[in-house]
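# Reading the structure
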Amino acid sequence: MKDDAYWIRDQVKAHNKWFEESIPTIASENVMSPLAKEMMISDFHDRYAEGMPGKRYYQGNIYVDKVENKCMELGQKLFGCSFVDVRPTSGTVANMAVLFALCEPGDTITTTALANGAHISTAQFGAVGLRGVKTINYPWDQEKMTIDVDGARKLLLESRPKVAQFGLSLFLFPVPLKELRPTFDEIGCTVWYDAAHVLGLIAGGQFQDPLHEGVHVVSSSTHKTFPGPNHGILLGNNLTDDLEKRLRRAVFPGVTSSHHLHSMAGLAITMAEMEEFGKTYAAQIVRNSQALGQALHELGMDVLCPNLGFTKSHTIAVNVSKVGGGDQVAKDLEAANIITNKNMLPGDESSIRPSGIRIGTQEMTRIGMKESEMKEVARLIHKVAVKKEKPEDVKQEVKELKKHFITVQYCYGAGAPAYKYHDLI
Ligand SMILES: *Cc1c(COP(=O)(O)O)cnc(C)c1O
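Within each chain, residue numbers correspond to sequence positions counted from 1 in written order. The model is predicted, so local features are restricted to residues of pLDDT at least 70 and side-chain atom pairs to those at 80 or more, both for listing and for counting; the totals for chains, interfaces and linings are taken over all residues. Side-chain calculation: all heavy atoms of the structure are included, whereas hydrogens and water are not.

## Concerning helix α4 (residues 91–102)
The end-to-end C-alpha separation of α4 is 16 Å, in line with the 16 Å expected for 12 residues at 1.5 Å each. Most of α4 sits inside the fold, with nine of its 12 residues counted as buried. In this scheme, a residue with accessible area under 20% of its type's maximum is buried, one over 50% is exposed, and one in between is partly exposed, where area comes from a 1.4 Å probe on protein chains only. Per the convention used, a helix needs a DSSP run of H or I reaching at least four residues, while a strand needs a run of E reaching at least two, with both numbered from the N terminus. Of the residues making up α4, those classed as buried are G91, V93, A94, N95, A97, V98, L99, A101 and L102. Residue S90 occupies the N-cap position of α4, its side-chain oxygen lying 3.3 Å from the main-chain nitrogen of T92. For a helix, the expected span equals 1.5 Å multiplied by the number of residues minus one. Polar contact criterion, stated in full: a pair of N or O atoms within 3.5 Å, where within protein one must be able to donate a hydrogen and the other to accept it, and residues adjacent in sequence count only if both atoms are side-chain atoms.

Given below as structure tokens:
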């Protein structure tokens with residue numbers, strides 16, 4: 001009824017205000033540009049399109065088709081690839097489509113273990129298991145926080161998987177694709193790279209370039225370092241006609257019906273913006289995460305991989321097992337308006353009580369923070385996590401700092417409010 005409807009709206013408004021006053025460090029989140037955000041409340045949201053542009057099952061798609069064709073064209077240009085499908089409605093849906101296109105139930109593929117940073121969609125209780133696909137995990141180099149190349153070579157040669165899968169949710173360093181490429185060629189496997197976390201860095205040319213390092217299919221979310229709407233995408237290079245067809249059929253009618261046309265339009269706008277702003281934005285993200293890692297390290301916190309510059313991405317991992325553990329530290333930080341998450345680190349067995357926290361700098365970068373702010377943020381994290389100062393007290397400092405960082409940058413209409421609630425009535 002009316003009270004409930006308005007109460008819900010009030011909660012969402014309160015959420016917007018809370019985030020405006022908080023430091024956002026969840027490595028999988030971001031804020032959209034004003035132009036992209038506008039698409040979310042357009043009439044595109046209220047419509048259906050099924051199939052490909054020009055070959056729809058519904059009428060009413062004249063403008064949808066134009067935008068979707070443009071979206072695919074922008075994707076080809078931005079990522080330098082021949083195949084683009086912009087219809088998966090999320091990263092997990094994109095992964096499901098790849099699994100349906102590339103694998104049969106009973107197949108075995110090679111993946112990274114969850115405790116070493118993989119996403120749940122490649123776990124047995126996730127999309128991989130749902131497809132009835134079994135997994136073998138690459139050996140892991142804990143020091144370098146990446147796949148052990150010699151071990152992975154051996155594993156690939158012994159197990160000869162149909163598909164070798166890569167990509168992480170705790171993604172500090174590039175996957176050693178170039179090193180493994182001769183092995184991929186030798187066994188003739190399809191190489192699948194899940195870029196959900198690093199798509200924005202790839203678009204900005206600041207990470208690895210999987211589509212030009214031997215990968216056949218990239219699946220991804222479009223709302224993490226890539227600062228677009230909650231959506232998904234598939235990219236491919238050098239695919240056979242048959243594989244392209246199987247991927248398209250897996251997306252629709254396989255795992256989607258309509259594909260969230262408002263998000264697709266927002267994605268197209270974000271691609272156009274990334275073409276112009278992507279490089280500067282992505283380079284600042286990496287500088288910021290290295291600066292944050294350095295600052296926390298200097299304060300005595302146990303940031304992983306100090307000898308490797310902490311990270312080459314948007315993410316750093318901090319072992320907080322000696323100061324209360326990931327669960328407690330993340331909760332305390334939340335009470336101080338620093339939003340982060342607990343995270344498993346190599347060797348952990350419990351995802352409920354893991355030893356780490358994961359910190360991403362992409363949204364802080366997006367709202368204009370640079371290296372000097374990273375020092376401030378490190379100081380505030382240290383106060384809560386190590387010095388055990390009252391979160392309520394630190395919250396006041398957080399709010400004071402955040403006042404200056406509430407607009408979106410690296411886009412058309414830069415300077416627009418990042419956390420605004422759009423009242424329509
Ligand atoms: C976030 C993530 C996904 C899932 O993306 P959604 O858009 O949330 O479904 C898939 N793979 C990896 C590696 C991720 O980090």
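## Quick look at the pairing of strand β5 (residues 108–111)
As paired elements, β5 and strand β6 (residues 134–137) share four bridges and run parallel to each other. In the sheet register, T111 faces β6, and the bridge partner there is N137. Paired strands, in this sense, are two strands between which DSSP finds at least two bridges. As judged from the two bridges shared by β5 and strand β9 (residues 163–166), these two strands associate in the parallel manner. Note that in β9 the partner of I109 across the bridge is V163.

## So, unusual backbone geometry
Residues F252 and P253 are joined by a peptide bond in cis, for which omega reads 10 degrees. By the element assignment, P253 lies in helix α9 (residues 241–255). Unusually for a residue other than glycine, C305 sits at a positive phi of about 60 degrees. Mapped onto the secondary structure, C305 falls in the loop between β13 (302–303) and β14 (315–319). Residue classification places C305 among the buried positions, given a relative accessible area of 8%. If you check the backbone angles, Y410 has positive phi at about 60 degrees while not being a glycine. For Y410, the position within the fold is in the segment after α14 (391–402).

Nothing here speaks to function; it is all geometry.
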